[in-house]
Amino acid sequence: MSGFIRRVPEGDYRDRLVCPDCGYVAYENPKVVVGAVVVAAEAVLLCRRAIEPRHGFWTLPAGFLELGETLEEGATRETWEEAKAHIEFDGILGIFSISRIGQVHVIFRARFSARASPPLFAAGAESLEVGLFTWNAIPWDNIAFPSTRWALEAWRRSGAGPLGAPVTNPPEDARGLRPPGVPRAAYE
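All of the points below concern the structure found in this document.

### Some remarks on the sheet that holds strand β3 (residues 25–26)
Spatially, the three strands line up as an open sheet ordered β1-β2-β3, and their pairing is antiparallel. Looking at which strands have only one partner, the edges of the open sheet turn out to be β1 (5–7) and β3. Where β1 and strand β2 (residues 16–18) come together, three bridges link them in antiparallel fashion. For I5, the partnering residue across the bridge sits in β2 and is V18.

And the structure:
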């Protein structure tokens, strides 16, 4: 923000962007990402990214929550934009903190809408292609983000039954510090 300076405002303990003239504090807060593990039979819907970051890698249909949206509305919109799929929710599968980039990911478990039989989907503007993958066919070496892997692993553990409490980051990456492509051993 032009003209703002970084300093600790009176009564605070963190560096913030502050207007030197009026004292207004421009808080920098995490962004919320919403998405879904969309399941049909024993397969999951994945999108190959047509945009950066991680162009060409596979991910779940997900993206930034917009102002004025509920979590569910955002995940519904993102799934439509990226995979042209109508979905219905089972519940929240996972909540992941990615502190290194200031994001919180809320991932639902969902299924294709009963209106779409067989499941209908197609690549949206942000996807090169989309597809349904069984567990053994998931392109694990080309997964875009650690949170995608975590959500897929949570889906596998949850089965088709009722969801329990949402899963969170794995203990070895509790703050979401390991960037994509960096081996787990480098952070242990």
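### A word on helix α1 (residues 71–83)
Helix length check: α1, at 13 residues, gives a terminal C-alpha distance of 18 Å against a target of 18 Å (1.5 Å per residue), a fit within 8%. Among the residues making up α1, those that are buried are G74, A75, R77, E78, T79, E82 and A83. Check the buried side of α1 and you find it contacts β4 (31–40), β5 (43–49), β7 (62–64), β8 (87–98), β9 (103–112) and β10 (127–134). Directly beyond the C-terminal end of α1, a positive phi value near 50° is found at K84.

How each quantity is defined
Residues numbered from 1 in each chain as written. Predicted model: local features only at pLDDT ≥ 70, side-chain atom pairs only at ≥ 80, totals over all residues. Heavy atoms only, no water. Pairing = 2+ DSSP bridges. Helix = DSSP H or I, 4+ residues; strand = E, 2+ residues; numbered from the N terminus. Expected span 1.5 Å × (residues − 1). Buried < 20%, exposed > 50% of the residue type's maximum accessible area, 1.4 Å probe, protein only. Contact = heavy atoms within 4.5 Å.

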